[in-house]
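# Descriptive analysis of the structure
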Amino acid sequence: MQLRESIPDLSGATNWLHQEIRNEELEHGLPVLIHFWSVSCDSCKRNIPILNSVMEAHKGKIQVIAVHMPRSEKDKDLKQVIQQAQKYNIVQPIAIDDQYSLAHSFSVRTVPAYFLFDGEGQLRYKQTSGSARLLKKRIERFVD
């Protein structure tokens with residue numbers, strides 16, 4: 001994905017946890033953070049508490065959607081995804097991308113990956129790998 005591109009269609013998820021989100025249901029005017037993660041990704045797990053603190057600090061000012069992208073067949077175990085979501089307190093909607101449809105739409109090859117869209121649905125920032133601390137700073141500048 002390139003900057004200023006629109007949010008890709010989210011209907012390619014094979015399943016949803018917590019709540020299914022469709023593009024037309026996104027709250028216009030609010031920025032949207034979409035983050036890709038996997039149960040077998042240690043870096044993802046280290047970053048989730050940072051994302052949770054950002055979401056809590058900016059509640060009502062940003063929409064967050066998680067996308068679980070399996071890195072292996074073992075990662076496709078839905079029970080394991082649910083357990084990890086509970087363990088790491090991932091309460092936002094989680095798209096399960098077992099067919100890699102969303103990964104393809106967002107051009108994601110590795111996790112973690114983060115996409116920050118403005119209130120008009122245009123991509124303003126993307127980050128693949130690395131710490132969520134830089135992402136946190138971007139979000140704070142973006143929503144405040």
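Throughout what follows, the structure given in this document is the object of discussion. (Residues numbered from 1 in each chain as written. Predicted model: local features only at pLDDT ≥ 70, side-chain atom pairs only at ≥ 80, totals over all residues. Heavy atoms only, no water.)

### What to know about the state of the cysteines
Within this structure, the stated rule accounts for 1 disulfide. With its sulfur 2.4 Å from that of its partner, C41 forms a disulfide with C44. Handedness of the C41-C44 disulfide follows from its S-S torsion of about 85 degrees: it is right-handed. Its relative accessible area of 2% is what places C44 among the buried residues. (Disulfide = S-S within 2.5 Å. Buried < 20%, exposed > 50% of the residue type's maximum accessible area, 1.4 Å probe, protein only.)

### Describing the pattern of salt bridges
Close approach of charged atoms lets side chains of opposite charge pair. One pass over the full model with this rule turns up 3 salt bridges. Two residues, R22 and E20, come together in a salt bridge whose shortest N-O distance is 3.6 Å. Salt-bridge contacts for R124 lead to D118; the nearest nitrogen and oxygen are separated by 2.7 Å. By relative accessible area, which is 34% here, R124 ends up partly exposed. (Salt bridge = Lys/Arg side-chain N within 4 Å of Asp/Glu carboxyl O.)

### Structural notes on the packing of aromatic side chains
Evaluation of the coordinates by the stated rule reveals 4 aromatic pairs. On the numbers, 5.2 Å between centres and 65 degrees between planes, the contact of F36 with F106 is edge-to-face. Taken as a pair, F36 in strand β2 (residues 32–37) and F106 in helix α3 (residues 101–106) lie far apart in primary sequence, 70 residues in all. A relative accessible area of 1% means that F106 is categorised as buried. A connected cluster of aromatic rings, assembled from ring pairs, spans F36, F106, F115 and F117. (Phe/Tyr/Trp six-rings, centres within 6.5 Å; stacked < 30°, edge-to-face > 60°. Helix = DSSP H or I, 4+ residues; strand = E, 2+ residues; numbered from the N terminus.)

### Re the sheet that holds β2
Pairing in this open sheet of 6 strands is mixed, and the strands run β1-β4-β3-β2-β5-β6 from one edge to the other. Edge positions in the sheet fall to β1 (15–17) and β6 (123–128), since each of these pairs with one other strand and no more. Between one strand and the next, the sheet's axes are offset by a mean angle of 20 degrees, whatever the strand orientation. Summarising the sheet, β2 and strand β5 (residues 113–117) pair through 5 bridges and their orientation is antiparallel. (Pairing = 2+ DSSP bridges. Axes fitted to C-alpha atoms, helices over the stretch in contact; angles between N-to-C directions.)

### Looking at the environment of Q84
Along the chain, Q84 turns up in helix α2 (residues 78–87). Apart from residues no more than four positions distant in its own chain, Q84 is found in contact with W37, V39 and K45. (Contact = heavy atoms within 4.5 Å.)

### With respect to the side chain of H35
Note that H35 resides in strand β2. For H35, a relative accessible area of 3% corresponds to the buried category.

### Points about the packing of helix α1 (residues 42–57) against helix α4 (residues 132–143)
Following both chains from N to C, one finds α1 and α4 inclined at 15 degrees, their axes separated by 9 Å at the closest point. Overall, the two elements α1 and α4 adopt an arrangement that is roughly parallel. With respect to the hand of their crossing, α1 and α4 are arranged in right-handed fashion. Each of N47, I50, L51, S53 and V54 in α1 lies in contact with α4, whose residues at this interface are A132, R133, L135, K136 and I139. When its residues are assigned to classes, the contact of α1 with α4 shows 6 nonpolar, 2 polar and 2 charged. (Parallel < 35°, antiparallel > 145°, perpendicular 65-115°, else oblique. Left-handed = near helix turned anticlockwise from the far one by under 90°. Nonpolar A, V, L, I, M, F, W, Y, C, P; charged D, E, K, R; others polar.)

### Let's talk about the nonpolar core
Of all hydrophobic cores here, the largest spans 36 residues; its most connected members are I34, F36, W37, F106, F115 and F117. Taken together, the elements giving at least two residues each to this core come down to β1, β2, α1, β3 (63–68), α2, β4 (94–96), α3 and β5. Broken down by element, the residue count for this core peaks at 4 residues, all from β2. M55, I62, Y114 and L116 belong to the second largest nonpolar core, which has 14 residues in total. (Core = buried A, V, L, I, M, F, W, Y, C linked by side-chain atoms within 4.5 Å.)

All we've got here are geometric facts, nothing functional implied.
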